[in-house]
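Coordinate inspection notes
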Amino acid sequence: MTGVIQTIVLGVLLGGVYALAASGLTLVFGVMNIINVAHGAMLILAAYLTFAIWTHTGLDPILAALITTPAMFGLGWLIYQLLIRRIRQAPASTSVLLTFAIALMIEGIIGLIWKGVFRAVTPGYFNDSVKVGSIYLPTARLYACVTAIAILVLLWLLLTRTWAGRAIRASSQNPQGAMLMGVDVASVAALTFAIGVATTGAGGSLISVLYPFFPASHYQWISRLLGIIVLGGMGNLTGAVVGALLMGVAENICAVYISVQWVTAVPYVVIFAVLLLRPRGLLGARTREDVAPA
Amino acid sequence: MILALEEVVCGYGGGDVLQGLDLVVERGSITCIVGPNGAGKSTVLRAVSGILRPRLGRIQLEDTDITHARPHEVLSLGIVQVPQSNGIFPQMTVRENVLMGGYPLRRDRELLKRRYAEVSELFPIVRERGPERAGNLSGGQRRMIEFARSLMVNPKLVLLDEPSLGLDPKSLKAVFDNVALMNEAGKTILLVEQNVRIGLGAATHAVVMESGRVRLYGTSREILDHPEIAELYLGGHVARDAAPA
Ligand SMILES: Nc1ncnc2c1ncn2[C@@H]1O[C@H](COP(=O)(O)OP(=O)(O)OP(=O)(O)O)[C@@H](O)[C@H]1O
Ligand SMILES: [Mg+2]
């Protein structure tokens with residue numbers, strides 16, 4: 001029994017970090033109808049940035065999120081202005097092509113700078129763990145999960161308590177309605193994309209202490225994150241959090257009771273099952289029911 | 001004259017829907033647009049609000065050319081629109097929906113608060129259902145929220161697209177009472193209405209549209225009494241019912 005609980009707890013700790021990583025992806029889809037396939041590559045880029053900061057300055061990788069988040073925000077804004085802006089009127093499939101190209105570019109650049117080898121960020125507490133009752137909580141996972149939750153709460157406050165957040169939500173629920181309220185939907189899109197990419201900053205710093213990574217790791221990440229947001233309901237932030245927790249637990253159960261080799265298959269199985277059984281995702285049915293068809 | 005459209009040609013990327021439309025809205029009037037489905041009535045309102053950009057022609061608000069103004073600019077000049085359908089934000093609360101109506105005032109907290117108080121005074125449903133998700137309201141209730149919301153910016157010109165749609169007689173009366181109140185308070189109203197009896201009954205001026213053009217314009221009395229129009233567009237008996245008032 002303890003073994004099962006231990007497995008679930010470890011999965012939930014992972015899931016918290018997955019939730020942060022998936023939040024930006026689902027936000028960008030919900031507001032802009034853009035599937036940012038480069039989201040995983042941006043996450044890995046932020047992990048490498050964290051690696052660079054940590055090796056050069058010794059700064060704690062989780063604290064490095066304070067640098068990577070604004071850096072990725074800036075990158076997101078730039079990518080929006082240079083590339084995404086041009087496909088705003090195009091269907092979502094166009095965004096997949098464009099962002100896939102961006103993903104390949106980022107992968108190439110990472111390979112040039114950091115070489116195609118595995119890197120890992122191993123702060124002092126990397127092998128520590130905290131014991132609660134009979135359950136072990138690995139310190140790195142615990143810190144990462146707590147930080148992820150804190151950032152998600154900030155994101156939630158931003159979306160619900162500020163005018164910028166209200167404008168973002170309004171644009172996602174009803175773009176034409178938002179326009180009629182005087183929301184400049186184009187600049188909201190730029191802001192949303194930048195915020196979405198900013199979450200890969202913090203997300204990348206956190207995952208750098210959880211898993212080793214190499215330039216092509218982003219394929220695994222994007223399939224995992226797409227699985228999460230399909231499961232939760234595309235565009236639904238709460239759904240992404242629920243989906244992420246389930247994904248974390250499912251992966252961990254798979255690793256313990258089936259085989260570590262099969263973990264990479266979990267997202268695909270999840271996507272397949274969701275599309276078969278409940279195509280709108282767990283919380284998807286409640287998300288867009290009243291929204292005018294674009 | 002508060003609003004004038006001259007030779008406006010406008011569409012959705014396919015063909016032109018408005019094909020050289022001329023329209024004048026007198027200051028202080030309640031002007032009602034009627035016409036068959038697909039005549040382009042909603043398209044006129046969208047062009048005025050800046051959601052659609054005219055390909056040719058001119059739209060003028062008082063002395064300002066708003067032909068190419070963007071929606072938020074049009075709004076800040078005092079034109080607000082309640083669209084025909086899907087105006088609310090379903091995941092937001094009723095309160096948030098109404099507050100969104102004050103988006104242009106967001107930097108003035110005091111004013112926002114005061115307007116919110118005024119609006120919820122006028123529309124009790126805003127107070128009663130404030131914390132509920134707007135998507136949980138009935139169609140007619142949503143409509144009331146949209147009217148309430150449009151008053152947050154204290155507009156000078158209100159565009160109402162089929163306000164009677166889906167309203168029960170009591171709500172309908174409430175809405176048209178509010179239209180009359182708004183009008184008395186100095187706001188000009190341009191509305192689209194399928195319910196000719198109510199629309200022209202409340203209006204001072206009327207516009208009959210057909211295939212993207214204005215077919216007839218006059219006082220609502222003139223339009224109601226126009227024999228051809230009564231037969232062709234309004235259905236003879238409807239016009240006669242409305243006439244003796
Ligand atoms: N979003 C759109 N994309 C393409 N065509 C549109 C769109 N909206 C309206 N149209 C077309 O423009 C024409 C006029 O539509 P509009 O909505 O202005 O009509 P209406 O007079 O308001 O009709 P109704 O009384 O049914 O509301 C129609 O032929 C319609 O097919
Ligand atoms: Mg219409």
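Above: the structure in question.
What this report covers is the structure whose coordinates are included nearby. Only a predicted model underlies this, so the values are computations on that prediction, with no experimental measurement involved. (Residues numbered from 1 in each chain as written. Chains lettered and ligands numbered in written order. Predicted model: local features only at pLDDT ≥ 70, side-chain atom pairs only at ≥ 80, totals over all residues. Heavy atoms only, no water.)

The subject of this paragraph is the overall build of chain B. Scanning chain B for helices and strands turns up 11 helices and 10 strands. The C-alpha atoms of chain B give 18 Å as radius of gyration, which agrees with the globular expectation for 245 residues (18 Å, within 12%). With the C-alpha coordinates aligned to their principal axes, the bounding extent of chain B is approximately 50 × 40 × 35 Å. Taken over 245 residues, chain B has a buried fraction of 56%. Intrachain contacts of chain B at a sequence separation of at least 6 include 65% that bridge at least 24 residues. Put simply, chain B shows about 10600 Å² of open surface, and 50% of that area lies on carbon and sulfur atoms. (Helix = DSSP H or I, 4+ residues; strand = E, 2+ residues; numbered from the N terminus. Rg over C-alpha atoms; globule rule 2.2 N^0.38 Å. Buried < 20%, exposed > 50% of the residue type's maximum accessible area, 1.4 Å probe, protein only. Contact = heavy atoms within 4.5 Å. Areas by Shrake-Rupley, 256 points an atom, 1.4 Å probe, with all protein chains shown as cover.)

Residue and element names in this part refer to chain A. Between its first and last C-alpha, helix α11 (residues 266–277) extends 16 Å over 12 residues, near the 16 Å set by a 1.5 Å rise per residue. What α11 keeps buried is the set Val266, Pro267, Val270, Ile271 and Val274. One side of α11 holds all its buried residues, which, seen down the axis, span an arc of 135°. Along α11, exposed side chains directed more than 90 degrees from the buried face belong to Val269, Phe272 and Leu276. Those residues of α11 that are buried are in contact with α9 (217–232) and α10 (237–258). (Expected span 1.5 Å × (residues − 1). Arc of directions from axis to C-beta.)

Residues and elements named next belong to chain A. Judged by side-chain polarity, Met1, Val4, Ile5, Ile8, Val12, Leu245, Ile253, Val256, Tyr257, Ile258 and Trp262 come together as a nonpolar surface patch covering roughly 1100 Å² of accessible area. Going through the elements one at a time, α1 (2–32) and α10 are the ones with two or more residues in the nonpolar patch. Here the element with the most residues in the nonpolar patch is α10; it accounts for 5 residues. By the element assignment, Met1 lies in the segment before α1. (Patch = residues over 30% accessible without salt bridge, like charges linked within 9 Å, V, L, I, M, F, W, Y side chains within 5 Å. Salt bridge = Lys/Arg side-chain N within 4 Å of Asp/Glu carboxyl O.)

It is worth spelling out the interface of chain A and chain B at this point. Facing 23 residues of chain A, the contacting portion of chain B comprises 29 residues. Scanning the region where chain A abuts chain B turns up 2 salt bridges. Two residues, Asp184 of chain A and Arg70 of chain B, come together in a salt bridge whose shortest N-O distance is 3.2 Å. The tally of links between chain A and chain B comes to 6 residue pairs in polar contact (both at pLDDT 80 or more). For the side of chain A that touches chain B, the secondary structure elements donating two or more residues are α6 (163–173) and α7 (175–180) of chain A. With 6 residues, the single largest contributor to the side of chain A that touches chain B is α6 of chain A. By residue class, the composition of the side of chain A that touches chain B is 10 nonpolar, 7 polar and 6 charged. (Polar contact = N/O pair within 3.5 Å; in protein donor to acceptor, adjacent residues only side chain to side chain. Nonpolar A, V, L, I, M, F, W, Y, C, P; charged D, E, K, R; others polar.)

Judged by nonpolar contacts, the single largest core of 133 residues is most densely connected at Met32 and Val183 of chain A together with Met100 of chain B. The residues contacting Val183 of chain A, other than those within four sequence positions of it, are Ala167, Ser171, Ala178 and Val188 of chain A together with Met100 and Tyr103 of chain B. By size, the runner-up hydrophobic cluster in this structure holds 28 residues, among which are Ala47, Ile59, Leu159 and Val192 of chain B. (Core = buried A, V, L, I, M, F, W, Y, C linked by side-chain atoms within 4.5 Å.)

With that out of the way, let us pick up the coordination of the magnesium ion (ligand 2). All names here are of chain B. At this site the magnesium ion (ligand 2) is bound by Ser42 (OG) and Gln84 (OE1), with donor distances of 1.9 to 2.0 Å. Of this pair, Ser42 sits in helix α1 (residues 41–49) while Gln84 sits in the loop between β6 (79–82) and α3 (94–100), placing them 42 residues apart in sequence. Since its relative accessible area comes to 13%, Ser42 is described here as buried. (Donors = N, O, S within 2.8 Å, 3.2 Å for Na, K, Ca; no water.)

Turning to the environment of Ala203 of chain B, a few remarks are in order. Residues and elements named next belong to chain B. Looking at where Ala203 falls in the secondary structure, it is placed in the loop between α8 (196–202) and β9 (205–210). C-alpha of Ala203 to C-alpha of Val179: the two residues are 24 residues apart in sequence and 9.7 Å apart in space. Contact partners of Ala203, with chain neighbours within four places excluded, come to Ile30, Cys32 and Ser220.

Residues and elements named next belong to chain B. Close to ligand 1 lie 14 residues, the nearest being Gly38, Lys41, Ser42, Thr43 and Gln194. Between ligand 1 and Tyr12, the relevant distance is 3.5 Å, taken from a nitrogen atom to a side-chain nitrogen or oxygen of the residue. Take Asn37: an N or O atom from its side chain is 2.9 Å from an oxygen atom of ligand 1. Protein chains bury 60% of the 640 Å² of accessible surface belonging to ligand 1 in isolation. Take the shell around ligand 1: its biggest share by element is 4 residues, from α1. Taken together, the residues of the shell around ligand 1 sort by class into 4 nonpolar, 7 polar and 3 charged. (Near = heavy atom within 4 Å.)

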